[in-house]
Structure formats: structure tokens, C-alpha cells
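Here's the letter readout for the chains.
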Amino acid sequence: MPVSPDHLLAATVVASVAREYGKLDVLVGLSQMTVSQMTATSTEESDQQRLHWLAEQVLNWSGLPVVHVRPTSFLDTPLFTALAARSIRENGTIALPFGTGRTSPVAVEDVARVVATVLSDPAPHVGQVYELTGPRSVGMKELAEEFSRALGRPVTYVDVPPERWEAELPRPGTAPRLAQHVAVMGRLHRENRYDHTADGVERVTGVPAQTIEAFVAARRDF
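Basis of the calculations
- Residues numbered from 1 in each chain as written.
- Predicted model: local features only at pLDDT ≥ 70, side-chain atom pairs only at ≥ 80, totals over all residues.
- Heavy atoms only, no water.
- Phe/Tyr/Trp six-rings, centres within 6.5 Å; stacked < 30°, edge-to-face > 60°.
- Helix = DSSP H or I, 4+ residues; strand = E, 2+ residues; numbered from the N terminus.
- Buried < 20%, exposed > 50% of the residue type's maximum accessible area, 1.4 Å probe, protein only.
- Lys NZ or Arg CZ within 6 Å of the ring centre and 35° of its normal.
- Patch = residues over 30% accessible without salt bridge, like charges linked within 9 Å, V, L, I, M, F, W, Y side chains within 5 Å.
- Areas by Shrake-Rupley, 256 points an atom, 1.4 Å probe, with all protein chains shown as cover.
- Salt bridge = Lys/Arg side-chain N within 4 Å of Asp/Glu carboxyl O.
- 1 Å grid on protein atoms, 1.4 Å probe; cavity = no way out; pocket = protein on both sides within 12 Å on 5 of 7 lines; lining within 4 Å.
- Points joined across faces, edges and corners; volume = space filled by probe spheres on them.
- Nonpolar A, V, L, I, M, F, W, Y, C, P; charged D, E, K, R; others polar.
- Pairing = 2+ DSSP bridges.
- Right-handed = clockwise from strand over helix to strand, strands pointing away.
- Contact = heavy atoms within 4.5 Å.

Asks: An account of the packing of aromatic side chains is needed here, citing residue identities and associated values.
Replies: As enumerated under the stated definition, the model contains one aromatic pair in all. Each ring, one from Phe80 and one from Phe98, has its centre 6.5 Å from the other, and the planes form 70 degrees; the classification is edge-to-face. Of the two residues, Phe80 is situated in the loop between strand S2 (66-71) and helix H3 (82-91) and Phe98 in the loop between strand S3 (93-96) and strand S4 (102-103); the sequence distance between them amounts to 18 residues. Given the relative accessible area of 3%, Phe80 is considered buried. Sitting over the face of the ring of Trp53, Arg50 holds its NZ or CZ atom 5.3 Å from the ring centroid. Stacked on the ring of Phe215, the Lys or Arg Arg219 has its end atom at 3.7 Å from the ring centre.

Asks: Tell me about a nonpolar patch on the surface, and please be specific about residues and values.
Replies: On the surface, Leu9, Val13 and Val17 cluster together to form a nonpolar patch covering roughly 280 Å² of accessible area. Considering the arrangement of structural elements, one finds Leu9 in helix H1 (residues 7-21).

Asks: Provide a residue-level description of empty space enclosed by the protein, including the pertinent values.
Replies: By the definition in use, this model includes two cavities of 30 Å³ or more. Its boundaries defined by the atoms lining it, the largest cavity holds a volume of some 60 Å³. Leu75, Ser104, Pro105, Gly134, Pro135, Arg136, Val138, Glu146, Gln210, Thr211 and Ile212 are the residues that line the largest cavity. Taken together, the residues of the lining of the largest cavity break down into five nonpolar, four polar and two charged. As a volume, the second largest cavity reaches approximately 50 Å³. Surrounding the second largest cavity, Met33, Thr34, Gln37, Leu188, Arg193 and Tyr194 form its lining. When the residues that make up the lining of the second largest cavity are grouped by side-chain class, the tally is three nonpolar, two polar and one charged.

Asks: Could you give me a rundown of the pairing of S2, with the residues and numbers involved?
Replies: Across the six residues that make up S2, a large majority, six, are buried. Every second residue of S2 is oriented toward a common face, with Val66, His68 and Arg70 on one face and Val67, Val69 and Pro71 on the other, all of them buried. Sheet topology places strand S1 (residues 27-30) next to S2; four bridges connect them, and they run parallel. Considered in S2, the bridge of Leu30 is made with Val69. Note that the unit made of S1, helix H2 (residues 47-61) and S2 has a crossover that is right-handed.

Asks: Tell me about the environment of Ala95, and name the residues and values.
Replies: When you line up the elements, Ala95 lands in strand S3. Taking relative accessible area as the criterion, Ala95 reaches 28% and is therefore assigned partly exposed. Separated by eleven residues in sequence, Ala95 and Ala84 place their C-alpha atoms 7.2 Å apart. Setting aside chain neighbours within four positions, we find Ala95 in contact with Ser87, Val158, Val160 and Trp165.

Here it is in C-alpha cells:
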């Protein structure tokens, strides 16, 4: 689902219908890696991340054959695609409020390969939790260097003050909930909460996750 206040309701409905159906081989829940660092009483995360944590509890309580897939931030998000492409075209920079925090974004394609592998042969995976990240964690300077190599042109990182970044988020058409979620992602990056790597992509599919450089090189025209 997209960022939505109905996330927990939707997960509960799915679990209820699946239990009534009664013949499910597997239910794959697409969550977030932030959930791995959360507890019942943690308050540092966004409202949406809290709903992901609660949805996982509901699916676990359901007794269904559940597999939890927890990707970190997606390479395919506007942060690393549309926004980066615009600022690279304008002045050769990637401008984000991540400070000195490190990150290990994963490509949606790699997440999809994991889910497809689980669905094709569910039995070995039921009850597992798979954390999915890119192959290594990088600082923002290193991230810009990977963009630079992929594009064959200089790209540098510019650290945007959080206040300015957050002031620009409530653009027309941006739901307040989404703006809050993105603002929290920026803060958690600054706090180094995304400095984590996991081998879930390779462990499940046998193929390593894409590097940032490979992801960008495949989208040079974009």
C-alpha cells in the first residue's frame, strides 16, 4: 500500500479473509526495515512506520503462514530518482537532509525478486523475516560518487538544512501523513538509523542486490 492511515485496517481485513479462506500456502507481508528496530513503546518513528509494526503483530497473531519482507528505503523513491535527477541536471548535486548518516537503499526490482522467489516455493520460507538492503552502506559523499561513476559526470552531495527541507515538503497534493513520513525518514537518516546491511536479497534469490551505481547506470536517460 502507499502511505495510508488505513494500513493497519487493510492488514487486519486481509488476515481475516485469509483465515476464513483457510487454504493459504503463504502470506507475504511487505513491511519496512525500520520495524526491526522498533518495540511496542518506541516513539521515534513515523505514524506510517508504527502502522507497519502493528500490522506485523496482527499477521503474527493470525496464525497464518506468514513471511515478513522488510526492505530499507527504496532506490526507486523520488529521493534517489526524480529529485536527484532534477538537481543533477540543474547543478550537478544531490540535495538531501541526511547529514553524515549512512544508508543502504535497495532496488524495488530486487525486492520483487525476493517476493517472487518466496511465492514460487513458500514452504522453506514460512515464519521467516527477511531484511533487504543494498550490498553496502554508504555515506552521502559515497552515494554521490556512485552516481558520478554511473553518469560519467561530476556529482556532489549538498546537505540541506532539515528545517528548509521540511518546510518544502507540504507541497500542493502532498498528504500531511506522507510529508510527516518523509520528514521522519530524513531525521532517522541523520541519526544513522539506516546504516545497516543485510544479505536477504542474495540469501533468498542467490543473486546479490544491485549497487547504487548499477541502478543509476541502467537509468542514465532518466
